[in-house]
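# Coordinate inspection notes
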Amino acid sequence: MTATAEYTVDTVVVGLGAMGAQTLWRLAQRGVDVLGIDAFDPGHAHGSSHGESRIIRTAYLEGTAYVPLAQAAWKGWDELGRESETQVARRCGSVMIGPPDSRVVSGAAESARQHELAHRRYTPAQLSAEFPGHVVVKNEEGLYEGDGGVVFPETAIRAAVRLAQYNGARVWTGTRVRGIIPDASQPRVWVTDREGSAAGTGDRAPTDGAAREQTIRARCVVVTAGAWLPQLLPDLARRLGGLGVERRVLAWFPVTEPDWHDPEHTPVFVRAESDGTAWYGFPSLDGGRTVKIGVHADGASGPGVQRGERVDPDIGPRPADAADAQRLARLAERLRGIDPTPSRLTTCMYTMTQDQHFLIGPHPRVPGLLLGGGFSGHGYKFASAVGRALADLAQQGTTTVPIHPFRPDRLG
Ligand SMILES: Cc1cc2nc3c(=O)[nH]c(=O)nc-3n(C[C@H](O)[C@H](O)[C@H](O)COP(=O)(O)OP(=O)(O)OC[C@H]3O[C@@H](n4cnc5c(N)ncnc54)[C@H](O)[C@@H]3O)c2cc1C
């Protein structure tokens with residue numbers, strides 16, 4: 001028979017991926033009695049935060065409300081880099097390319113205008129001259145900003161968890177949270193360590209003799225479970241109109257002209273195609289060997305199209321196949337100085353809200369429960385600011401980080 005042990009802490013962070021690792025670090029930095037739990041070893045490749053690089057953009061095409069959050073996030077990445085003495089991010093600029101009326105270009109232009117961000121507009125000829133790694137056609141324009149760059153996802157998670165532990169946080173890895181038990185005075189987290197990965201950077205959940213399950217009582221529970229949020233809080237997911245977990249594929253292509261993809265003078269990019277596809281890519285971050293691209297929103301039809309393919313996060317996305325390779329190779333033809341046959345592919349998960357904007361803040365009904373989820377495929381760049389905001393809310397109930405537009409109670 002399974003025995004259940006009881007455990008009490010001030011704050012529990014459930015899920016130590018992009019958002020949870022940053023939250024844990026901020027809470028530990030302030031001396032809070034905090035426990036972080038992850039089913040795997042933080043920095044793993046089973047969720048939404050692997051694949052070596054994520055784009056940072058400030059002139060935000062998805063909405064002007066994100067600009068102050070991106071600015072706050074850059075400060076957070078710089079601080080994490082300094083404190084951990086690790087390169088977690090790098091500025092290399094970003095360029096949005098597409099028809100001038102595409103959301104990619106016009107959305108970024110609107111953010112730049114409203115927030116008076118330094119940027120440059122490019123004609124097709126200027127784009128081709130400045131960024132020879134891109135094939136540009138005559139109806140395409142560009143918007144460049146210096147405040148774009150890259151964050152290194154696995155490195156940033158590991159750095160934040162390491163710093164959190166150094167500052168006194170407890171971390172249980174290979175430990176799965178089975179449920180959150182709402183309680184008006186003190187929410188509880190039901191944990192078992194029976195499944196999950198082998199032990200990693202943290203401890204396994206203490207088993208207290210025969211006990212293989214724990215109930216943790218906490219003043220505050222922060223749920224940053226990524227693609228597992230809908231199964232951990234199914235009522236909430238329904239109430240918010242549904243959270244869809246979708247498959248995406250990343251591809252790396254060999255570089256034949258390293259100078260055209262050198263991060264010293266090549267920015268990250270997002271491109272809009274005439275069929276509505278928005279895709280993105282990076283300069284070469286491995287010394288001129290490969291570049292990575294991916295599809296954010298697919299407007300094409302036919303084999304390998306990445307649109308709405310649902311994933312059970314416990315099973316994981318279907319492995320990448322020849323159709324995925326072909327789809328991404330078609331997009332890679334819009335780049336120069338690469339071999340358009342991918343040398344490597346991997347899959348990952350998006351967790352989509354109904355409006356594709358984030359969920360950051362208190363659970364609409366359960367006191368003591370905070371959420372950071374539904375990042376809809378564009379959340380990583382903000383994780384350092386989201387972590388600070390969730391730590392503020394856990395500790396003092398308010399925050400100056402500009403997360404108000406993303407409060408979960410705006411939906412449903
Ligand atoms: C292919 C791809 C490309 C992307 N590109 C960009 C980009 O360029 N720029 C950008 O800003 N964003 C990008 N994103 C989005 C960004 O990566 C995600 O928004 C972000 O990683 C989500 O972080 P998260 O903390 O919500 O989830 P995760 O980082 O996946 O963390 C969730 C964690 O919770 C743990 N967990 C879940 N359930 C439990 C449980 N029951 N018990 C214990 N632990 C649990 C998991 O093990 C995991 O570690 C991209 C996403 C993908 C998939």
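Residues numbered from 1 in each chain as written. Predicted model: local features only at pLDDT ≥ 70, side-chain atom pairs only at ≥ 80, totals over all residues. Heavy atoms only, no water.

The name that an unreviewed UniProt entry assigns to the chain is FAD-dependent oxidoreductase, with the source organism given as Lipingzhangella rawalii.

Take the nonpolar core next. Membership of the largest hydrophobic core comes to 76 residues, with the highest contact counts inside it found for L24, V34, W77, L80, I360 and F382. Each of domain 1 (3-49 + 154-238 + 355-410) and domain 2 (65-148 + 244-352) accounts for three or more of the residues forming this core. With sequence-adjacent residues up to four places away left out, L80 is seen in contact with Q22, W25, E85, V88, A156, A159, A160 and L163. Within the second largest apolar cluster, 35 residues are counted, among which are A39, A218, V223 and L236. (Core = buried A, V, L, I, M, F, W, Y, C linked by side-chain atoms within 4.5 Å. Buried < 20%, exposed > 50% of the residue type's maximum accessible area, 1.4 Å probe, protein only. Domains from an automatic or database assignment. Contact = heavy atoms within 4.5 Å.)

Taken in spatial order, the 8 strands make up an open sheet running β6-β7-β5-β14-β15-β16-β13-β17, and their pairing is mixed. In this open sheet, the two strands that pair with only one neighbour each are β6 (120-122) and β17 (344-352). When the angles between neighbouring strand axes are averaged without regard to direction, this sheet yields 20°. Of the pairings in the sheet, the one linking strand β15 (residues 278-281) to strand β16 (residues 290-297) comprises 4 bridges and is antiparallel in character. Across the sheet, residue G281 finds its bridge partner in β16, namely I293. Packing of helix α8 (residues 322-332) onto the sheet brings it into contact with β13 (244-254), β15, β16 and β17, and relative to β13 it is tilted by some 60°. (Pairing = 2+ DSSP bridges. Helix = DSSP H or I, 4+ residues; strand = E, 2+ residues; numbered from the N terminus. Axes fitted to C-alpha atoms, helices over the stretch in contact; angles between N-to-C directions.)

In the vicinity of the ligand there are 33 residues, among which D38, H44, S49, C348 and K381 approach most closely. Between the ligand and the protein, one listed contact pairs an oxygen atom with a side-chain N or O atom of H44 at 2.7 Å. Take K381: an N or O atom from its side chain is 2.7 Å from an oxygen atom of the ligand. For the ligand, whose accessible area on its own is 1000 Å², the fraction buried by protein is 97%. Among the secondary structure elements, those contributing two or more residues to the shell around the ligand are α1 (18-29), β3 (54-56), β10 (176-181) and β17. No other element matches β17, which puts 3 residues into the shell around the ligand. Looking at the shell around the ligand residue by residue, the class counts come to 17 nonpolar, 12 polar and 4 charged. Residue assignment places the shell around the ligand across two domains, with domain 1 (3-49 + 154-238 + 355-410) and domain 2 (65-148 + 244-352) each supplying three or more. (Near = heavy atom within 4 Å. Polar contact = N/O pair within 3.5 Å; in protein donor to acceptor, adjacent residues only side chain to side chain. Areas by Shrake-Rupley, 256 points an atom, 1.4 Å probe, with all protein chains shown as cover. Nonpolar A, V, L, I, M, F, W, Y, C, P; charged D, E, K, R; others polar.)

This part covers the domain arrangement of the chain. The assigned domain composition of the chain is domain 1 (3-49 + 154-238 + 355-410) and domain 2 (65-148 + 244-352). Relative placement of domain 1 and domain 2: their C-alpha centres are 29 Å apart. In this complex, domain 1 contributes 39 residues to the contact, which on the side of domain 2 involves 26 residues. Interface area for domain 1 against domain 2, summed over the two sides, is near 2600 Å², with a carbon-plus-sulfur share of 66%. Counting every contact that joins domain 1 to domain 2 gives 2 salt bridges. (Buried area = accessible area lost by both parts, 1.4 Å probe. Salt bridge = Lys/Arg side-chain N within 4 Å of Asp/Glu carboxyl O.)

In this section: the pattern of salt bridges. Two side chains that carry opposite charge are able to pair once their charged atoms sit near each other. According to the stated counting rule, one finds 25 salt bridges in the structure shown. With a shortest N-O distance of 3.0 Å, R344 and E52 are connected by a salt bridge. In this pair, R344 is assigned in strand β17 and E52 in the loop between β2 (34-37) and β3, connecting sequence segments 292 residues apart. Judged by relative accessible area, which is 38%, E52 ranks as partly exposed. The salt bridge involving E264 is made with R90; its shortest N-O contact spans 3.0 Å. Taken together, the residues span a long stretch of sequence, with E264 in the loop between β13 and β14 (268-272) and R90 in strand β4 (residues 89-91) at a distance of 174 residues. The network of salt bridges with common partners includes R247, E309, R318, D321 and D324.

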